[in-house]
Amino acid sequence: MKKALLTIALLAAGLTASAQGEVKNGAWEDRRVVEVAGASVSTLYLRSLEALSDWAGSQEKSKIGIDVQDKDEGIVVYKGEYYLGNAKANLAPMAVWDTWANFTLKVRCKEGRAQVSVAVPSLTFRFSGQPAETTAPIDQLLPEYKYKTKYTNKRAARELSPKVPTEFEAILAAMCERLAKGSEDDDF
């Protein structure tokens, strides 16, 4: 218990001006800055590559790839689909709508600090009953549900879209923690 509290306290101390995510510019967005005294751009850049490669391997249905990787500028941009879960289809009780959040995660490294930001512009729904797919803009789902669809994915949209802030705030926190602490292999 003490170790968990210490970890949370260290993480909180390393973050500055961490606002809650919100829907703006057509996407759910959040941004954090982590201060890492004495860390070089190169060190933070390598930690950002390792952090999401470890995380991506643990997500079976999620698809994550590097979109931009620039060591000289200290920038890594990940794009992908994060699996949120599934929900039964309206009017089709034996079928489900699998739901993914489409996202972009950017890490910008500077001497002693890094900025981590995430944007989720939409959710993609894939039907298990027959080949069908639809994408909904996040600003139609959050903060207020206004989404209209011709498909039976309304239940999935209502149940799973509220998971976006929680899931992506956890991803941001994990990335910030990894940038701040590195891995056990840093001192190999």
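Up top you'll find the structure we're talking about.
The shown structure was predicted, so the numbers you read here are calculated from the model rather than taken from an experiment. (Residues numbered from 1 in each chain as written. Predicted model: local features only at pLDDT ≥ 70, side-chain atom pairs only at ≥ 80, totals over all residues. Heavy atoms only, no water.)

Trainee: What is the right way to look at the nonpolar core in this model?
Mentor: Among soluble globular proteins, nonpolar side chains are generally buried collectively. By size, the foremost hydrophobic cluster in this structure holds 46 residues, and its most contacted members are Leu 105, Val 164 and Phe 168. The set of elements that each furnish at least two residues to this core consists of strand E3 (27–35), helix H2 (41–57), strand E5 (75–89), strand E6 (92–110), strand E7 (113–127), helix H3 (154–160) and helix H4 (163–181). Ignoring any residue separated from it by four or fewer positions in sequence, one finds Phe 168 in contact with Trp 28, Tyr 82, Ala 101, Phe 103, Val 118 and Val 120. (Core = buried A, V, L, I, M, F, W, Y, C linked by side-chain atoms within 4.5 Å. Buried < 20%, exposed > 50% of the residue type's maximum accessible area, 1.4 Å probe, protein only. Helix = DSSP H or I, 4+ residues; strand = E, 2+ residues; numbered from the N terminus. Contact = heavy atoms within 4.5 Å.)

Trainee: Which parts of the structure should I look at to understand the side chain of Ser 161?
Mentor: Structurally, the position occupied by Ser 161 is in the loop between H3 and H4. According to the relative accessible area criterion, Ser 161 is buried, its value standing at 1%. The residues contacting Ser 161, other than those within four sequence positions of it, are Leu 123, Leu 141, Leu 142 and Ala 156.

Trainee: So what exactly am I meant to see when it comes to the pairing of E6 here?
Mentor: Where a strand is regular, its side chains alternate between the two sheet faces. Relative to E6, E5 runs antiparallel, the two being bridged by 14 bridges. Considered in E6, the bridge of Ala 89 is made with Ala 92. Between E5 and E6, which follow one another and run antiparallel, lie 2 residues, and Leu 91 among them has a positive phi close to 70°. Pairing of E6 with E7 involves 13 bridges; the strand directions are antiparallel. Each bridged residue has a counterpart across the sheet, and for Lys 110 the counterpart in E7 is Arg 113. Hairpin connection, E6 to E7: the antiparallel pair is bridged by 2 residues, and Gly 112 has positive phi, about 80°. (Pairing = 2+ DSSP bridges.)

Trainee: Quick question: what am I supposed to make of the layout of surface pockets here?
Mentor: To find the voids left in a structure, one rolls a probe of water-molecule size over its atoms. Volume-wise, the largest pocket comes out at about 230 Å³. Around the largest pocket sit 13 residues that line it, and Glu 29, Asp 30, Arg 31, Ser 117 and Val 118 are the ones nearest its centre. When contributions to the lining of the largest pocket are tallied by element, the ones reaching two or more residues are strand E2 (22–24), E3, E6 and E7. Classifying every residue of the lining of the largest pocket gives 3 nonpolar, 4 polar and 6 charged. (1 Å grid on protein atoms, 1.4 Å probe; cavity = no way out; pocket = protein on both sides within 12 Å on 5 of 7 lines; lining within 4 Å. Points joined across faces, edges and corners; volume = space filled by probe spheres on them. Nonpolar A, V, L, I, M, F, W, Y, C, P; charged D, E, K, R; others polar.)

Trainee: In this structure, what is going on with a positive patch on the surface? I would like to understand it.
Mentor: A cluster of like positive charges, contributed by Arg 31, Lys 106, Arg 108, Lys 110 and Arg 113, occupies part of the molecular surface. For the positive patch, the leading source of residues is E6, giving 3 residues. Assignment of secondary structure puts Arg 31 in strand E3. Looking at Arg 31, the relative accessible area reads 46%, which means it is partly exposed. (Patch = residues over 30% accessible without salt bridge, like charges linked within 9 Å, V, L, I, M, F, W, Y side chains within 5 Å. Areas by Shrake-Rupley, 256 points an atom, 1.4 Å probe, with all protein chains shown as cover. Salt bridge = Lys/Arg side-chain N within 4 Å of Asp/Glu carboxyl O. Lys, Arg positive; Asp, Glu negative; His and termini not counted. Charge placed at Lys NZ, Arg CZ, Asp CG, Glu CD.)

Trainee: Please clarify how the pattern of salt bridges should be interpreted in this entry.
Mentor: When the charged atoms of two side chains with opposite charge come close together, those side chains can pair. Using the criterion set out here, one finds 7 salt bridges in the structure. Here Arg 32 and Asp 30 are joined by a salt bridge, their closest N and O atoms 3.7 Å apart. When its relative accessible area of 5% is taken as the criterion, Asp 30 is described as buried. Residue Lys 79 pairs with Asp 67 through a salt bridge whose shortest N-O separation is 3.8 Å. Separated by 12 residues along the polypeptide, Lys 79 in strand E5 and Asp 67 in strand E4 (residues 63–70) bring together distant segments of the chain. Taken together, the salt bridges that share partners define one network made up of Glu 81, Arg 126 and Glu 133.

Trainee: Looking at this structure, how should I read unusual backbone geometry?
Mentor: Most peptide bonds adopt trans geometry, and most residues besides glycine take a negative phi value. Note that the residue after Leu 142, namely Pro 143, is joined by a cis bond; omega there is -5°. Here Pro 143 lies in the loop between strand E8 (133–137) and H3. Phi at Asn 25 takes a positive value of approximately 55°, unusual for a residue other than glycine. Checked against the element boundaries, Asn 25 lands in the loop between E2 and E3. Since its relative accessible area comes to 73%, Asn 25 is described here as exposed.

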